[in-house]
Amino acid sequence: MPSQQRPSLAEPRRARPPAHVRVCVRLRPCSQGDPCIRGLDSRSLEIINWRNKLETMQYQFDTIYGDQATQQDIYSGSVQPVLCHLLEGQNASVLAYGPTGAGKTHTMLGSPEQPGVIPRALRDVLQMTREASCSPGGEEWDYSVSMSYLEIYQEKVLDLLEPSQQDLLIREDRDRNILIPGLTERELGGFRDFERHFLPASRNRTVASTQLNDRSSRSHAVLVVRVARSQRAPPHRRRVAKLCLIDLAGSEDNRRTGNRGLRLKESGAINASRHVLSKVVDALNQGLPRVPYRDSKLTRLLQDSLGGSAHSVIIANVAPEQHFYFDTLSTLNFAAKSKQVVNRPFTQETLQTPGARKRPPKDPGAGPRAKRPPEDPGASSEDAGPGAKSPPEEEPPEAEPLSSLLPLEQLDPRLVQRLLGLEQLEKQQGGAGRRLPLLSTPRRERVALLHQLEETRCELQKLKERQKELEAMALLDKACQPKPLDHSKAPARARKQAVVLPLQQVQTPVGQQAMPSGAEGILVVQRNQCQAGHRPRLPMAPGVGSARLGIGPVSPWHRAWGVPGWA
Ligand code: ADP
Ligand code: MG
């Protein structure tokens, strides 16, 4: 349907406000010996410095959840606040990161007794769309929620809802949204539908036993929930947002997992993709021109979530036992640098021209949640793979001219007003020469372009001639000038110095107090000072209380959310 959907003019792209990736850390209960890490308050934690056991290193994050924090604490404190953006047409992502056995699957999926982020988020999203359709003015809109579920196993994208779909391709549409043509999408009318599709699909996920975890996830699992809101009357606005809930496979130290053969190969793929993930975060933080998203399937899929258009939350799961020390340290360092990644969420809205919307005759008995098949607005034609599920129902008629050149009389007058306004604005800003005019006939436009082309050619010709003249003059000058100095004796030009970026870990000599190192918020503290009760306090953000570890932050949402029906 790309030719009949127009990007909304409601929010010009340049007005996208930045949103930092939110990072929280969850400590799992310690199962053995003394923990090597502990929370200090609701935003900071400390871990022993392996270089000097008398010191600790302190880190600051958006939220720290201690071993007493419940599934509800994590959900209401860090996940629920981003879900409201879905109805505004903005993407959101929640990603569980950490080593094998640190509690990622427990956090994301949970158990029937302690449901995790995924069931809680689904219940809330479905509830939100139900409430929105019942609210005043809600009858003007159709809401739909659908889900896809995939895993990345050994660099292959596998469809968990339809396991026969193997190694799907990842594509990008013209709005830089990541799509997987052919991935099965199931419409969700309610939570029961979700359970019906999700629970059997979860059993398709590749898991195996390692020495660290009896049911270690051998793949990255991604649940994609699509929330669409379509206006029934002209101008048929349509907002589509995507919620990605990601349970990563854990990083693995193969000396400790006891992996051999296939397990070792799986582990290699897992560690490689996590390495690329780290490089992506580095590239984004350093503002490098090339971000290596395409170097792994995982990062390609996360392109929206890191440095893209989503409101993203990373939950870094940490295992506190001593033998997890280096895994914990690398998890904290990844989490610290991810905090600096800036996303630019924007509202994904399209307008459909009246002729394009073939709505089925209205069923008088149908409620506000009349279902329509899901679709990918703006998907570039190259994205439509052979197995793509999008219905052919809204194919453009063959004789249709270029999409942006529809006759004015076919458009809704309000829409025409807005398009004209935009075109005027573009002209004022001198952008008309770079893009096609939005409203004009193909003939007029072609003539104008030909004129432009001719003028450019003439200018180019003149420039070439001028260049030749200048070259000739330069040659003449050179011939008349005395011989140049011997450059080998001239002092060498100062070389450009390499810029060394600060490490995530900062270590200071014993006895010297370090201040938090900027955005990373890592502090090295002498342990004997802490033990003597003189622990230096990190500067706290205004409004952050000193809730003790394990109590969990106060929920920003007043509505308590129970999950009695989860089974
Ligand atoms: P991962 O997915 O990171 O490999 P899991 O989520 O499978 O780790 O957790 C490993 C084990 O630890 C599981 O038995 C899980 O129930 C338990 N566990 C993890 N986090 C917690 C927690 N916060 N409270 C209680 N048990 C936990
Ligand atoms: Mg797991």
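Residues numbered from 1 in each chain as written. Chains lettered and ligands numbered in written order. Predicted model: local features only at pLDDT ≥ 70, side-chain atom pairs only at ≥ 80, totals over all residues. Heavy atoms only, no water.

Q: Mind laying out the pairing of strand E9 (residues 141-153), listing which residues take part and the relevant values?
A: Burial within E9 is extensive, with 13 of its 13 residues counted as buried. Burial of the side chains of E9 extends over both faces: Trp141, Tyr143, Val145, Met147, Tyr149, Glu151 and Tyr153 are buried on one face and Asp142, Ser144, Ser146, Ser148, Leu150 and Ile152 on the other. Alignment of E9 against strand E16 (residues 220-231), held across 12 bridges, turns out to be antiparallel. Looking at the pairing, Val145 lines up with Val227 of E16. The pairing of E9 with strand E10 (residues 156-159) spans four bridges and is antiparallel. Within the sheet, the bridge partner assigned to Ile152 lies in E10 and is Val157. The hairpin formed by E9 and E10 contains two residues between the paired strands, and Gln154 there has a positive phi angle of roughly 50°. (Buried < 20%, exposed > 50% of the residue type's maximum accessible area, 1.4 Å probe, protein only. Helix = DSSP H or I, 4+ residues; strand = E, 2+ residues; numbered from the N terminus. Pairing = 2+ DSSP bridges.)

Q: Tell me about the pairing of strand E5 (residues 44-48), and name the residues and values.
A: The element E5 is extensively covered by neighbouring structure, given that five of its five residues are classed as buried. Two elements, strand E4 (residues 37-39) and E5, share three bridges in a ladder whose sense is antiparallel. Note that in E5 the partner of Gly39 across the bridge is Leu45. Between E4 and the antiparallel strand that follows it, E5, lie four residues. The sheet contact formed by E5 and strand E6 (residues 55-60) spans five bridges and is antiparallel. In the sheet register, Ser44 faces E6, and the bridge partner there is Gln60. Where E5 folds back on E6, the antiparallel hairpin that results is connected by six residues.

Q: Give me the lowdown on unusual backbone geometry, citing residues and values where you can.
A: Cis geometry marks the peptide bond from Pro234 to Pro235, where omega comes out at 10°. Position of Pro235 among the secondary structure elements: in the loop between E16 and strand E17 (237-247). We note that Asp167 has phi near 45°; this positive angle belongs to a residue other than glycine. Examined against the element boundaries, Asp167 turns out to sit in the loop between E10 and strand E11 (171-172). Among the residues examined, Asp167 registers a relative accessible area of 34% and is labelled partly exposed. The residue His236 is not glycine, and still its phi comes out positive at about 50°. Along the chain, the position of His236 falls in the loop between E16 and E17. With relative accessibility at 7%, the residue His236 sits in the buried group.

Q: Can you break down the packing of helix H3 (residues 117-134) against helix H4 (residues 191-203) residue by residue, with the values?
A: The relative placement of two packed helices comes down to the angle between their axes together with the axis-to-axis distance. Their axes nearest at 10 Å, the elements H3 and H4 cross at an angle of 145°. Viewed along their axes, H3 and H4 form a crossing whose handedness is right-handed. Residues Ile118, Pro119, Leu122, Arg123 and Leu126 of H3 form the contact with H4, whose participating residues are Phe191, Phe194 and Phe198. Here the contact of H3 with H4 is built from residues that sort into seven nonpolar, no polar and one charged. (Axes fitted to C-alpha atoms, helices over the stretch in contact; angles between N-to-C directions. Left-handed = near helix turned anticlockwise from the far one by under 90°. Contact = heavy atoms within 4.5 Å. Nonpolar A, V, L, I, M, F, W, Y, C, P; charged D, E, K, R; others polar.)

Q: If you had to explain the environment of Cys30 to someone new, which residues and values would you point to?
A: Tracing the backbone shows Cys30 in the loop between strand E3 (22-27) and E4. Once the C-alpha coordinates of Cys30 and Pro320 are considered, the two residues, 290 residues apart in sequence, prove to be 5.6 Å apart. For Cys30, the contacting residues outside a window of four places in its chain are Pro35, Pro320 and Glu321.

Q: Any chance you could break down helix H1 (residues 71-83) for me, citing the residues and the numbers?
A: Across its 13 residues, H1 extends 17 Å between first and last C-alpha, which sits within 8% of the 18 Å expected from 1.5 Å per residue. Within H1, the axis deviates most sharply at Gly77, by approximately 35°, and proline Pro81 lies no more than four positions further along. Of all 13 residues that make up H1, 11 are buried, and the element is covered over most of its length. Turning to H1, its buried residues are Gln71, Asp73, Ile74, Tyr75, Ser76, Gly77, Ser78, Val79, Gln80, Val82 and Leu83. (Expected span 1.5 Å × (residues − 1). Bend = angle between axes of the 7 residues up to and from the residue.)

Q: Which residues make up the pattern of salt bridges, and what are the values?
A: Opposite charge on two side chains permits them to pair, given that their charged atoms come into close proximity. For the coordinates displayed, the defined rule picks out 16 salt bridges. A salt bridge links Glu349 to Arg237; the nearest nitrogen and oxygen atoms lie 3.0 Å apart. A residue pair is termed long-range when its members are at least 10 positions apart, and Glu349 in strand E20 (residues 349-352) and Arg237 in strand E17 qualify at 112 residues. For Arg290, the salt bridge is made with Asp295, and the minimal N-O distance between the two is 3.0 Å. (Salt bridge = Lys/Arg side-chain N within 4 Å of Asp/Glu carboxyl O.)

Q: So, the nonpolar core: which residues are in play, and what are the values?
A: The biggest cluster of nonpolar side chains holds 44 residues, and the ones touching the most others in it are Val25, Tyr59, Phe61 and Leu332. For this core, the element with the most residues is helix H8 (residues 325-338), which contributes six residues. (Core = buried A, V, L, I, M, F, W, Y, C linked by side-chain atoms within 4.5 Å.)

Q: Tell me about H8, residues and numbers included.
A: Compared with an ideal rise of 1.5 Å per residue, which puts 14 residues at 20 Å, H8 spans 20 Å between its outermost C-alpha atoms and is within 8% of the ideal. When we look at burial in H8, the residues that qualify are Tyr325, Asp327, Thr328, Leu329, Thr331, Leu332, Asn333, Phe334, Ala335, Ala336, Lys337 and Ser338.

Q: Summarise the packing of aromatic side chains; cite the residues concerned and give the values.
A: Evaluation of the coordinates by the stated rule reveals seven aromatic pairs. Where Phe194 meets Phe198, the ring centres are 4.9 Å apart and the plane angle is 20°; that geometry is what we call stacked. Of this pair, Phe194 and Phe198 both sit in helix H4, four residues apart, which is roughly one turn of that helix. A residue is classified by how much of its surface remains accessible, and Phe198, at 1% relative accessible area, is buried. Geometrically, the ring pair formed by Tyr325 and Phe326 is edge-to-face, given 5.0 Å between the ring centres and 90° between the ring planes. Classification of Tyr325 by relative accessible area gives buried; the value is 9%. Three or more aromatic residues joined by ring pairs make a cluster, and in this case those are Tyr149, Phe191, Phe194 and Phe198. Sitting over the ring of Trp141, Arg229 keeps its end group 3.7 Å from the ring centre. (Phe/Tyr/Trp six-rings, centres within 6.5 Å; stacked < 30°, edge-to-face > 60°. Lys NZ or Arg CZ within 6 Å of the ring centre and 35° of its normal.)

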